[in-house]
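What follows is each chain in one-letter form.
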Amino acid sequence: MKSKTLYLLFFFSILQLSSCKEKKIDLLAFESEVLKSEILSIDQKVEKLLDQMTLEEKIGQMNQYSGFWDFTGPSPKAGDAAQKMEHLKKGWVGSMLNVTGVKNVRAVQKIVVEESRLGIPLIIGFDVIHGYKTISPIPLAEAASWDLEAIKKSAQVAALEASAAGINWTFAPMVDISRDARWGRVMEGAGEDPYLGSKIAVARVEGFQGSDLSDPSTIAACAKHFAAYGFVEAGREYNTADVGTSTLNNIIFPPFKAAKDAGVKTFMNSFNDLNGIPATGDIYLQRTVLKENWNFDGFVVSDWGSISEMVAHGYARDDNHAAQLAVNAGSDMDMESHLYVTELASLVKQEKVDEALINDAAGRILKVKFELGLFDDPYKYCDEAREASVIGSQSNVEEVLDLAKKSIVLLKNQNNVLPLSKKGQKIAVIGALAADKTSPLGNWRLAADTNSAVSLLEGLKSYSGNTITYAKGADVVIGKTGFVSELTINTTDTSGFKEAIMLAKKSDLVIMALGEHAMQSGEGRSRAYLGLPGVQQQLLEAVFAVNNNIVLVLSNGRPLTIPWAAKHIPTIIEGWHLGTQSGNALAQVIYGDYNPSGKLPMSFPRSVGQVPLYYNYKNTGRPSPVNPGQVFWTHYIDQKNTPQYPFGFGLSYTTFAYSKPMVVNTYSQDKQVTVSVKITNTGKSEGKETVQLYLRDLYASVIRPIRELKGFEQVVLTPGQTKEITFTLTDQELGFFNNQQQWLVEKGDFQVYVGGDSQTINQVNFKL
Ligand code: BGC
């Protein structure tokens with residue numbers, strides 16, 4: 001309240017200083033109305049404020065600059081800092097990104113609040129993708145938990161810490177569906193499926209934004225990247241995307257629509273072009289679909305420099321044209337192209353851009369600022385005491401540990417080698433990733449401290465009394481790895497093999513930590529080979545030759561191709577990049593303190609040539625050979641069609657049996673279909689199963705996939721225990737978008753599959 005008064009006094013002082021008499025009166029009127037905030041709606045306040053703003057000030061709201069500044073007092077250091085500073089003072093900046101920490105945020109906020117004419121606070125954005133300092137598993141790993149509550153909590157923790165560091169807007173969740181493991185950014189999303197992806201999008205939006213955006217421990221979220229960025233051709237970063245209507249509406253859009261329906265405040269457009277139009281300049285995506293059809297009333301931020309990149313795309317003539325195309329298409333905020341601030345005012349004056357579009361864009365941005373409560377107190381996220389107590393707190397650490405355990409997927413456990421006993425064993429731990437305390441944090445953890453993760457080696461030691469020895473064997477990559485100027489060149493150095501092999505020979509069991517270094521996935525990290533990078537495959541085979549009792553712990557930000565390991569290595573754990581508590585989570589699973597429950601959110605291919613590979617494919621006209629050895633059907637002559645590990649797959653230390661599913665009613669009567677199934681724990685330990693329901697619509701006016709996930713539920717069962725689970729399929733699950741974008745529920749024959757992964761054959765039929 002105190003700072004609110006100060007802030008209003010500041011408005012008032014502008015009034016006194018202003019040389020324009022009429023403006024003084026307007027501001028006074030505005031101020032007195034703002035004071036009665038309960039009388040005016042946010043939309044009315046936005047309108048009143050817009051009335052007071054010059055064209056340049058409105059455009060200023062649409063301008064976002066990156067910080068990367070070190071404030072010791074407000075003194076930006078690098079590059080075009082002087083100009084950025086001048087623009088801040090003029091009120092020509094609406095948002096900053098990459099300014100973090102209460103001290104820095106307060107300093108930059110103070111400039112606009114105290115020195116610009118209207119003192120409109122900045123919205124402070126940052127890539128809080130899977131945690132701020134206390135890091136959760138990478139989003140793809142989180143998705144493997146299929147635990148929506150835990151995912152929501154993870155976003156809550158991220159919001160709690162980020163908001164305590166002065167941030168009030170995250171560029172997350174990334175809700176791009178992708179079927180292509182070559183694309184490095186699959187680590188940032190929820191995998192290949194639109195149904196799971198939509199549920200997770202909602203969980204993340206709700207986690208970040210909470211139920212009250214003005215609560216200082218919540219932050220605005222951003223659904224990105226709109227749209228089709230996950231479909232870049234050949235998985236090559238920033239590449240073109242060519243996608244048909246059916247895939248766009250049924251696969252790509254649903255998680256965005258779900259995020260919008262969950263109240264996400266902002267969208268980010270994408271770097272790629274979609275069918276020949278850069279998303280940033282796409283009127284259809286941003287205006288027709290998002291703002292008109294979906295009625296989205298938040299704002300759209302461009303991706304970094306994506307407005308000026310329309311020149312390189314060959315869509316805009318020059319920068320000036322790019323600004324015109326972007327604003328006309330509905331990109332409301334310019335992230336780091338620096339073009340709105342330089343080009344838009346003259347474009348409006350030349351009547352190439354309608355000022356109404358500027359009012360609309362600036363109004364959308366101001367609205368979110370009002371909703372965040374920044375006009376009540378621009379420093380509400382700047383509380384040093386809160387920053388000190390919240391960031392890295394024990395409860396945050398416990399939350400990320402909980403989700404890290406749930407994200408681990410047991411891929412193979414031949415002869416039940418796992419869980420390991422906690423004593424009496426000589427264990428050799430091999431692989432550079434076993435001792436690494438940074439790589440487990442994954443990519444997109446900009447604020448996390450280097451070396452702040454619990455390594456696998458540390459976890460294994462602290463959870464048992466076994467004799468544990470370590471040899472690196474080989475590095476993964478050469479040199480230092482960082483977010484921007486990274487070296488991700490695979491090492492060829494095998495000089496450490498000898499020591500590793502000797503150690504393996506002397507041990508009862510070998511735990512091998514292999515996979516990708518964190519900086520081998522993420523933005524700009526597409527891969528054409530999906531095997532273990534560098535000499536790791538060689539190392540694995542060399543160790544196997546002397547001791548085949550191996551537990552392979554994979555770290556990676558995407559599905560890998562591991563055909564040799566899948567065949568020869570008895571025990572394989574998918575350990576992703578699990579965040580701050582990585583080593584503890586893995587140790588708890590390895591020693592059986594936590595019974596693994598994760599299920600793959602993306603298919604693991606057998607070889608790169610199968611990619612894009614996904615479970616919800618179409619049958620084709622020649623789905624199988626008529627006679628063995630036949631050639632003319634949909635297949636490869638040198639590889640199977642099936643994945644190594646399917647979508648939805650993951651083992652437990654116990655086993656589950658399913659009854660045949662039953663359809664217990666008729667659609668004609670109830671306008672919905674209810675399916676029930678019984679599931680029993682047939683093993684010896686308590687365990688959690690994710691029961692998955694897949695639907696197949698056998699014939700339709702637009703071909704439907706071979707099966708589609710339409711429901712899932714997690715159930716914890718003690719040995720011998722049985723539970724019945726019921727799924728309800730409404731028109732929302734039974735229908736689809738045709739190519740005219742109409743939602744259709746068509747009569748016909750359906751199959752329902754219920755089981756523990758996408759290849760289950762446990763099935764029942766029904767008619768609609
Ligand atoms: C990424 C976005 C990110 C932005 C700001 C871009 O390169 O594509 O996802 O939010 O940078 O860091």
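Since we're looking at a predicted model, the values are computed, not measured. (Residues numbered from 1 in each chain as written. Predicted model: local features only at pLDDT ≥ 70, side-chain atom pairs only at ≥ 80, totals over all residues. Heavy atoms only, no water.)

1. So, the overall build of the protein
When you go through the protein residue by residue, the secondary structure sums to 25 helices and 26 strands. Over its C-alpha atoms the protein spans a radius of gyration of 27 Å, differing by no more than 12% from the 27 Å that the globule rule assigns to 768 residues. With the C-alpha coordinates aligned to their principal axes, the bounding extent of the protein is approximately 85 × 65 × 50 Å. Taking all 768 residues of the protein together, the buried fraction comes to 61%. Partitioning the intrachain contacts of the protein with sequence separation of at least 6 by distance along the chain shows that 77% fall at a separation of at least 24. A total of about 28,600 Å² of accessible surface is found on the protein, and carbon and sulfur atoms cover 51% of it. Counting 75 positive and 83 negative side-chain charges, the protein places the centres of these two groups 5 Å from one another. (Helix = DSSP H or I, 4+ residues; strand = E, 2+ residues; numbered from the N terminus. Rg over C-alpha atoms; globule rule 2.2 N^0.38 Å. Buried < 20%, exposed > 50% of the residue type's maximum accessible area, 1.4 Å probe, protein only. Contact = heavy atoms within 4.5 Å. Areas by Shrake-Rupley, 256 points an atom, 1.4 Å probe, with all protein chains shown as cover. Lys, Arg positive; Asp, Glu negative; His and termini not counted. Charge placed at Lys NZ, Arg CZ, Asp CG, Glu CD.)

2. Quick notes on the site of the ligand
Around the ligand, the neighbouring residues are Leu97, Asp127, Phe171, Arg185, Lys224, His225, Met268, Phe271, Asp303, Trp304, Met335 and Glu523. At 2.6 Å, a side-chain N or O of aspartate 303 approaches an oxygen atom of the ligand. One of the side-chain nitrogen or oxygen atoms of glutamate 523 is found 2.8 Å away from an oxygen atom of the ligand. With the chains in place, 93% of the 310 Å² that the ligand exposes on its own is no longer accessible. (Near = heavy atom within 4 Å. Polar contact = N/O pair within 3.5 Å; in protein donor to acceptor, adjacent residues only side chain to side chain.)

3. Description of the pattern of salt bridges
Following the criterion strictly, the structure yields 34 salt bridges and no others. The partner of lysine 260 in a salt bridge is aspartate 261, with the nearest N and O atoms 3.8 Å apart. Across the pair glutamate 458 and lysine 437 runs a salt bridge whose closest N-O atoms are separated by 2.9 Å. Of this pair, glutamate 458 sits in helix H19 (residues 456–462) while lysine 437 sits in the loop between helix H18 (432–435) and H19; the two residues are 21 residues apart in sequence, bridging distant segments of the chain. Each of Asp127, Arg185, Glu188, Lys224 and Glu523 takes part in one network of salt bridges that share partners. (Salt bridge = Lys/Arg side-chain N within 4 Å of Asp/Glu carboxyl O.)

4. Overview of the nonpolar core
Core analysis: the largest hydrophobic core is formed by 138 residues, its most contacted members being Phe226, Phe267, Ile511, Met512 and Trp576. In this structure, this core is formed jointly by two domains, domain 1 (41–122 + 276–390) and domain 2 (397–602), each of which donates at least three residues. Those residues in contact with tryptophan 576 that sit more than four places away from it in its chain are Ile138, Leu140, Ala141, Ala144, Ser407, Val409, Leu554, Ser555, Asn556, Leu600, Pro601 and Phe604. (Core = buried A, V, L, I, M, F, W, Y, C linked by side-chain atoms within 4.5 Å. Domains from an automatic or database assignment.)

5. Section: the domain arrangement of the protein
Annotation of the protein at the domain level lists domain 1 (41–122 + 276–390), domain 2 (397–602) and domain 3 (656–767). In this structure, domain 2 and domain 3 have C-alpha centres spaced 35 Å apart. With five residues of domain 2 at the interface, the matching set in domain 3 holds eight residues. Taking both partners together, domain 2 and domain 3 bury about 440 Å²; carbon and sulfur atoms supply 37% of that area. When the area that domain 2 buries against domain 3 is broken down by residue, the three leading residues are Asn595, Ser597 and Lys599, summing to 88%. Viewed at the interface, domain 3 and domain 2 are joined by one salt bridge. Counting every contact that joins domain 2 to domain 3 gives three residue pairs in polar contact (both at pLDDT 80 or more). (Buried area = accessible area lost by both parts, 1.4 Å probe.)

6. Looking at the sheet that holds strand E3 (residues 123–126)
Pairing is parallel across the open sheet formed by five strands, whose spatial order is E4-E3-E2-E1-E10. Both outer strands of the open sheet, strand E4 (169–170) and strand E10 (334–335), are each paired with one neighbouring strand and no more. (Pairing = 2+ DSSP bridges.)

7. Remarks on the packing of aromatic side chains
The tally for this structure, following the rule as stated, stands at 25 aromatic pairs. Relative to phenylalanine 375, the ring of phenylalanine 370 has its centre 3.9 Å away and its plane inclined at 15°; by these criteria the two rings are stacked. Classification of phenylalanine 370 as buried rests on a relative accessible area of 10%. The buried category is assigned to phenylalanine 375, whose relative accessible area is 8%. Relative to phenylalanine 766, the ring of phenylalanine 750 lies with its centre 5.2 Å away and its plane at 5°, an arrangement referred to as stacked. A residue pair is termed long-range when its members are at least 10 positions apart, and phenylalanine 750 in strand E25 (residues 749–755) and phenylalanine 766 in strand E26 (residues 763–767) qualify at 16 residues. Residue classification places phenylalanine 750 among the buried positions, given a relative accessible area of 0%. An aromatic cluster is present here, built from Trp146, Tyr195, Tyr615, Phe647, Tyr694 and Phe712 joined pairwise through their rings. The ring of tryptophan 444 is capped by lysine 224, whose NZ or CZ atom sits 5.4 Å from the centre of that ring. (Phe/Tyr/Trp six-rings, centres within 6.5 Å; stacked < 30°, edge-to-face > 60°. Lys NZ or Arg CZ within 6 Å of the ring centre and 35° of its normal.)

8. Regarding the side chain of glutamine 286
If you trace the backbone, glutamine 286 turns up in helix H11 (residues 283–293). Polar side-chain contacts of glutamine 286 include one of 3.0 Å to the side chain of asparagine 269. With sequence-adjacent residues up to four places away left out, glutamine 286 is seen in contact with Asn269, Ala279, Thr280, Gly281, Lys291, Val300, Ala329, Gly330 and Ser331.

9. Focus: the pairing of strand E12 (residues 426–430)
Of all five residues in E12, four are buried; the element is thus mostly enclosed. Both E12 and strand E14 (residues 509–515) contribute to a ladder of four bridges, which runs parallel. Across the sheet, the residue bridging to isoleucine 427 is leucine 509, located in E14.

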